[in-house]
Amino acid sequence: MELKLYNTLTRRKEVFKPIHKGHVGMYSCGPTVYWYQHIGNLRTYIFSDILKRVLIYNKYKVRHVMNVTDVGHLTSDADEGEDKIEKAARKEGKKAEDIASYYWKVFREDFKKLNIIEPDIWTKATEYIKEQIELIKKLEEKRYTYRTSDGIYFDTSKFKDYGKLARLNIKGLQAGKRVGIGEKRNKTDFALWKFSEKPGLRQQEWDSPWGVGFPGWHIECSAMSMKHLGETFDIHTGGIDHIPIHHTNEIAQSEAATGKKFVNYWLHGNFLTFRGEKVAKSKGGLYTVSELEKIGFAPMDYRYLCLTTHYRKPLNFSIKNLKSAKNSYQRLKNIISEIEDDGKINKKYLREFEKAINDDLEIPNALQVLWNLVRDEKAEGKYRTIKKMDEVFGLDLLKKEEIKIPNEIMEFVEEREKARKSKNWKKSDEIREKIKSLGYWVDDTDKGPVIKKLQNENNIQ
Ligand code: AMP
Ligand code: ZN
């Protein structure tokens, strides 16, 4: 079956064709590790996880690279302000590399909690300084760069298709262009290398052909993606906020350096919003995954919530929405826990599911197909079909929750078993009621009593 993906570059759904048959090279812009990632950031990584799982489902071998920005991302997108990592290190009185490695560690823990598959290759910007310098040198040789008092800049007016991804109105943008751009030649020009104001002041700085300093934020993604995936690769992902600046600049500097097309398919995830506004770190960032856990939500409840909205639409967050996702997810798992493996696959439902996921990742529709399957009393092959579908959802649908039964309950269960053996049904029923009042339920099966934890009155886990 054909896989169709919406390509931001063409603003159309296109049939996906990889460069090398059966293989996909995919790069995702990763976190700037100066603070915790909020659940908005994580929505973008759940989206790229689903994309990767759909590719794997379609039998592609995926090589997935994700960067960790541990230098060069300034507090303003206009190449001004302080380096975010340096600023956090100063504030917390720590070493820059400790800040970066701590928040990166938490990020990876969140991946695990949200069942996001880790990339095959993590690339930290500070470990690819040489590659970034090489790329800037290439741009310099091809005369795309110029020098100001604070750094080496890319001259966007020299790159023919600058702004093609975002369909920027360059003429409009450049109008009144001298205002607020300092020594830059054009408003859209961006730093490739920034000089340290005073060598020794920053924690992270390197020697370069242009002077001591550090790389601009955009150059890292071009250098590291091309290093691991080649000068032209298949898929690049990120949040929609990256379209007009970060990804636009990645394209300009990569294509200027190589003379080749940089990426064939650009995919962007829409925002998590709160009261209609983008959730942003600069505004406090709403919740982290750990904060959600503290108020009683499992990370996977949030994953379920993300799957209920298509990745190209905004998802408005509220505790009410999350609660309803949690209930649906639990109900789904409860129903599935009763399903036995009959050794079959239900081709009809699986085909509907595949149609949905291969139509630009219509995961909400695919979830609907799953619900229809679990509710269809006559359907065969439920267990194995759900297992296949969960390769994409990543919701651990067949994983049985391990519940620890308290000793007190176990003692009642044993007492009840004795009563049942001596055919004292009245006593056995009384004990069952007692167990129920303590929040548990006993089912009598051929293999003996099975104990379940009650979620609420009607809800057995
Ligand atoms: P950052 O750590 O700021 O570089 O951001 C990491 C990723 O999160 C980027 O791909 C952003 O596009 C994405 N992002 C930032 N805010 C949101 C949001 N509210 N909803 C979804 N993705 C976001
Ligand atoms: Zn990037």
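Before going into details, it helps to say that this report is about the structure given with it.

Taken together, the protein ligands of the zinc ion (ligand 2) are Cys 29 (SG), Cys 221 (SG) and His 246 (NE2), with distances of 2.1 to 2.2 Å. Coordination of the zinc ion (ligand 2) draws on donor residues from a single chain, spaced C-x191-C-x24-H in sequence. One end of the pair, Cys 221, is in helix H6 (residues 217–229); the other, His 246, is in helix H7 (residues 243–258), and 25 residues separate them in sequence. Here the two residues Cys 221 and His 246 agree in accessibility, since each one is buried.

With their axes 10 Å apart at the nearest point, helix H1 (residues 39–57) and helix H9 (residues 299–307) run at an angle of 70 degrees to one another. Our classification of the angle between H1 and H9 gives roughly perpendicular. When you trace H1 past H9, the crossing you get is right-handed. Residues Ile 39, Gly 40, Arg 43, Ile 46, Asp 49, Ile 50 and Arg 53 of H1 form the contact with H9, whose own contacting residues are Tyr 302, Arg 303, Cys 306 and Leu 307. Residues of the contact of H1 with H9, tallied by class, amount to six nonpolar, one polar and four charged.

On to the site of ligand 1. The local shell around ligand 1 holds 18 residues, among which Gly 40, Thr 44, Asp 241, Leu 272 and Val 279 are the closest. A distance of 3.2 Å is found between an oxygen atom of ligand 1 and a backbone nitrogen or oxygen belonging to Gly 239. For ligand 1, a nitrogen atom lies 2.8 Å from a polar atom in the backbone of Leu 272. When ligand 1 sits alone it has 500 Å² of accessible area, and the protein chains cover 95% of it. Looking at which element gives the most residues to the shell around ligand 1, the answer is H1, with four residues. Across the shell around ligand 1, the residue classes tally to five nonpolar, ten polar and three charged.

Cut-offs used in this document
- Residues numbered from 1 in each chain as written.
- Chains lettered and ligands numbered in written order.
- Predicted model: local features only at pLDDT ≥ 70, side-chain atom pairs only at ≥ 80, totals over all residues.
- Heavy atoms only, no water.
- Donors = N, O, S within 2.8 Å, 3.2 Å for Na, K, Ca; no water.
- Helix = DSSP H or I, 4+ residues; strand = E, 2+ residues; numbered from the N terminus.
- Buried < 20%, exposed > 50% of the residue type's maximum accessible area, 1.4 Å probe, protein only.
- Axes fitted to C-alpha atoms, helices over the stretch in contact; angles between N-to-C directions.
- Parallel < 35°, antiparallel > 145°, perpendicular 65-115°, else oblique.
- Left-handed = near helix turned anticlockwise from the far one by under 90°.
- Contact = heavy atoms within 4.5 Å.
- Nonpolar A, V, L, I, M, F, W, Y, C, P; charged D, E, K, R; others polar.
- Near = heavy atom within 4 Å.
- Polar contact = N/O pair within 3.5 Å; in protein donor to acceptor, adjacent residues only side chain to side chain.
- Areas by Shrake-Rupley, 256 points an atom, 1.4 Å probe, with all protein chains shown as cover.

In short, geometric facts, not functional conclusions.
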